[in-house]
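Architecture and fold: a report
Below are the chains, spelled out letter by letter.
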Amino acid sequence: MLALRRASLRLRSQGFNVGASRASCVKLMPTASVEDEAGIYDSHQITHSRFLSVSTFYGTGHASLKFSVSRRELSSQADASSTKEDDDLEDGLSELDTLGNNDENGTDLSDDDGDGEKPHGELELSDAEIDSTEKILRVRKIQSELFKEIVDAPGLSVHSALDKWAKQGKELSRQEISLALLNLRRRKMYARALQLLQWLESNKKLEFIEKDHAARLDLIAKLRGLANAERYIESVPESFRGELLYRTLLANCASQNSLKKTEEIFNKMKDLDLPVTAFACNQLLLIYKRVDKKKIADVLLLMEKENVKPTPFTYSILIDAKGQSNDIAGMEQVVETMKADGIEPDLSTQASLAKHYTSSGFKEKAEAILKEIEGENLKVNRRACPTLLRLYANLGKADEVERIWKVCESKPHIEECLAAIEAWGKLKKIEEAEAVFEMMLKKWKLNSKNYSILLKVYANHKMLAKGKDLIKRMADSGCKIGPFTWDSLVKLYVQAGEVEKADSILQKAIQQNLMKPMFTTYMAIMEQYAKRGDIHNSEKIFQRMREAGYVSRISPFQVLIQAYINAKLPAYGIRERMKADNLFPNKTLANQLVLVDAFRKNAVSDLLD
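Structural notes, computed from the coordinates.

Thresholds applied
- Residues numbered from 1 in each chain as written.
- Predicted model: local features only at pLDDT ≥ 70, side-chain atom pairs only at ≥ 80, totals over all residues.
- Heavy atoms only, no water.
- Helix = DSSP H or I, 4+ residues; strand = E, 2+ residues; numbered from the N terminus.
- Buried < 20%, exposed > 50% of the residue type's maximum accessible area, 1.4 Å probe, protein only.
- Contact = heavy atoms within 4.5 Å.
- Areas by Shrake-Rupley, 256 points an atom, 1.4 Å probe, with all protein chains shown as cover.
- Axes fitted to C-alpha atoms, helices over the stretch in contact; angles between N-to-C directions.
- Parallel < 35°, antiparallel > 145°, perpendicular 65-115°, else oblique.
- Left-handed = near helix turned anticlockwise from the far one by under 90°.
- 1 Å grid on protein atoms, 1.4 Å probe; cavity = no way out; pocket = protein on both sides within 12 Å on 5 of 7 lines; lining within 4 Å.
- Points joined across faces, edges and corners; volume = space filled by probe spheres on them.
- Nonpolar A, V, L, I, M, F, W, Y, C, P; charged D, E, K, R; others polar.
- Phe/Tyr/Trp six-rings, centres within 6.5 Å; stacked < 30°, edge-to-face > 60°.
- Lys NZ or Arg CZ within 6 Å of the ring centre and 35° of its normal.
- Salt bridge = Lys/Arg side-chain N within 4 Å of Asp/Glu carboxyl O.
- Patch = residues over 30% accessible without salt bridge, like charges linked within 9 Å, V, L, I, M, F, W, Y side chains within 5 Å.
- Lys, Arg positive; Asp, Glu negative; His and termini not counted.
- Charge placed at Lys NZ, Arg CZ, Asp CG, Glu CD.
- Arc of directions from axis to C-beta.

**Digging into the overall build of the protein chain**
Scanning the protein chain from terminus to terminus reveals 32 helices and four strands. Looking at the protein chain as a whole, 57% of its 609 residues qualify as buried. Of all intrachain contacts in the protein chain linking residues separated by at least 6 positions in sequence, the fraction that spans at least 24 positions is 71%. Per element, the accessible surface of the protein chain, about 25,900 Å² overall, is 51% carbon and sulfur.

Written as structure tokens, this is what we have:
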């Protein structure tokens, strides 16, 4: 753990600022540590206060380190800002030690399994809470009769379908229920999953245990917000209000980027004497990665003090953080520490390494990682093909993309096809991307998310006519259209220079559906208005983002201030607005504020006017 913390505390100049105050996490005795540009050399005389108490946290400035957390995807960066890549992931990668795909469409009542946000890391129970039967079901991806009955039920009439099921005397075992819930969650049918749990409890068809309450809490947080989730906890019998329930709420707070609430729930867990786990610490790392990376070192310090061992995910986050800050030497040091701890990088961590080597210009090192990923026999190691296709495209290696694709082409999996479309698109080989798509159409009934991959290729290359034709084909095929497609469609028009049309399309989509657009969709429009110096429309999109729940982020403020700079007008009250969101300017934003302040009027300018 000490090696990990030292690896993370290097290079203050790269944004991992270790100076400042550490009181938000720990109280240091006057001689507790020696700090300089290289970091903290020793920290023996440390006494812990209540970790991250809100009053101490806001009263002491900033703390130190930074890196982030998720089983499947992770991202991080220097300073307290979000990179564009971070924002593409927006709603967070809640690492609840297991599952697959959190989405931000909490208000989606249409149960559209054909579309939705690009998956990230979904919140569910840890492997420790999943019995062996459920684990088998996860692997085999089995569907259940109960699931089909629920899906076939129109609209919000799930309860009626379940009443019918019970009258017919059909099975309602815990295994059948778990399988139905698992399939509903996989398709992000959260509203129906919640209705199932509500019906089970109200009809006393299932004796609820802590993990059932945690599952219901998670769905409430996704669909109805954190406040309602907190209120639900109060209704849960006290004997079931344990670590699992609170960590579920904690992960939702982090995934929804609520800094204050994440800290509050973490502190409450401490007050309740719930164990300090790697999972809980990872949620703090996740939120700090997004809104205040300087505090990540404090989390590591707490983990060291509480003897909480870093997980593979923890190492992966630090690797990604170092890569994002272009600290390749630091990234490699973390890998060495990880291996010394007996943990070998998995496929996603290897992919992260290759990505950062590529972006930092270390192409030979990136290719070496890709060879490791490929192994000796790619036909046996087919699971690596989608990753290899995308990463070789990042390197501009069309010949390698073609070689990998030939391994898949005769009997492709759908994920390989989608990766190939992305790869060919990145390499500007539109015809090859279209050929793969047409092959998919002949083999499978595609959903709108599949169409959106090619639509994004057209958007990136400003091929508006082709994009429109593809959207017509989507409609003709009966595809449901949701936030993921809106994102591609908006960007298609934005790239073509038709930002007003993109804005209009998004507003119509919001009015016609009960789904929330992706963060990146709003940002694509707002950035174009800002480039024009269109303050009115930039403020309009900024406000719509807030109404949609996208708050406590640096990047929208950066774009908004840029609108004022381009319009050569002062942004009065902007600092107060940021402070209200508990945000503090990073280096980039501080420079923007200096520029926009230059437009403030003073007594002399008033006379001259």
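**Some words on the packing of helix α21 (residues 414-426) against helix α22 (residues 430-443)**
Packing of α21 against α22 leaves a shortest axis separation of 8 Å and a crossing angle of 160°. In terms of orientation, α21 and α22 fall into the roughly antiparallel class. In this structure, α21 meets α22 at a crossing whose hand is left-handed. Between α21 and α22, the contacting residues are Ile 414, Cys 417, Leu 418, Ala 420, Ile 421, Trp 424 and Gly 425 on the first element and Glu 432, Ala 433, Val 436, Phe 437, Met 439 and Met 440 on the second.

**A closer look at empty space enclosed by the protein**
With the rule as written, the count across this model stands at four cavities of 30 Å³ or more. In this structure, the second largest cavity occupies an estimated 50 Å³ of space. Forming the boundary of the second largest cavity are Phe 542, Met 545, Arg 546, Tyr 550, Val 551, Ser 552, Arg 553, Pro 556, Phe 557 and Asp 581. For the lining of the second largest cavity, the elements supplying multiple residues, two or more each, are α28 (535-547) and α29 (554-567). The residue inventory of the lining of the second largest cavity, partitioned by class, reads six nonpolar, one polar and three charged.

**Description of the packing of aromatic side chains**
The description of an aromatic ring pair rests on the distance of the ring centres and on the angle between the ring planes. According to the stated counting rule, one finds five aromatic pairs in the structure shown. Considering the side-chain rings of Phe 437 and Tyr 451, the 5.2 Å spacing of their centres and the 70° angle between planes classify their relative orientation as edge-to-face. One end of the pair, Phe 437, is in helix α22; the other, Tyr 451, is in helix α23 (residues 448-460), and 14 residues separate them in sequence. Taken individually, Phe 437 and Tyr 451 each receive the classification buried, so the pair is uniform in this respect. Relative to Phe 557, the ring of Phe 542 has its centre 5.0 Å away and its plane inclined at 70°; by these criteria the two rings are edge-to-face. Separated by 15 residues along the polypeptide, Phe 542 in helix α28 and Phe 557 in helix α29 bring together distant segments of the chain. For Phe 542, a relative accessible area of 4% puts it in the buried group. Sitting over the face of the ring of Phe 279, Arg 247 holds its NZ or CZ atom 4.6 Å from the ring centroid. A cation sits over an aromatic face here: Arg 553 above Phe 519, 4.8 Å from the ring centre.

**What to know about the pattern of salt bridges**
In this structure the tally under the stated criterion is 28 salt bridges. Its salt-bridge partner being Arg 174, residue Asp 212 comes within 3.0 Å of it at the nearest N-O pair. Residue Asp 212 is found in helix α9 (residues 210-224), and its partner Arg 174 is found in helix α7 (residues 174-186); the two are separated by 38 residues along the sequence. Residue class for Asp 212 comes out buried when judged on its relative accessible area of 7%. A residue is classified by how much of its surface remains accessible, and Arg 174, at 27% relative accessible area, is partly exposed. For Glu 367, the salt bridge goes to Lys 397, with nearest N and O atoms at 3.6 Å. Here Glu 367 is found in helix α18 (residues 363-374), whereas its partner Lys 397 is found in the loop between α19 (385-394) and α20 (398-409), with 30 residues between them in sequence.

**Overview of the packing of helix α15 (residues 312-324) against helix α17 (residues 347-359)**
Where α15 meets α17, the axes come as close as 9 Å, and the angle between the chain directions of the two elements is 10°. The angle between α15 and α17 falls in the class roughly parallel. Across from Ser 316, Ile 319, Asp 320, Gly 323 and Gln 324 in α15, the residues of α17 making contact are Thr 349, Ser 352, Leu 353, Lys 355 and His 356. For the contact of α15 with α17, the class distribution of residues is two nonpolar, six polar and two charged.

**Focus: helix α14 (residues 296-305)**
Think of an α-helix as 3.6 residues a turn; residues three or four steps apart then line up on the same face. For α14, a buried count of eight out of ten residues is recorded, marking the element as mostly surrounded by other parts of the structure. Once α14 finishes, Asn 307 follows within two positions and takes phi at roughly 60°, a positive value.

**A short note on a positive patch on the surface**
There is a patch of like positive charges on the surface, built from Lys 468, Lys 472, Lys 501 and Lys 508. Contributing elements (two or more residues each) for the positive patch: α24 (464-476) and α26 (499-512). Note that Lys 501 resides in helix α26.

**So, helix α10 (residues 226-235)**
Buried within α10 we find Leu 226, Ala 229, Tyr 232 and Ile 233. On an axial view of α10, the arc spanned by its buried residues comes to 110°, and they lie on one face. Every exposed residue of α10 that faces more than 90 degrees away from the buried side is listed here: Arg 231 and Ser 235. The elements touched by buried residues of α10 are α8 (190-202), α9, α11 (243-255) and α12 (259-271).

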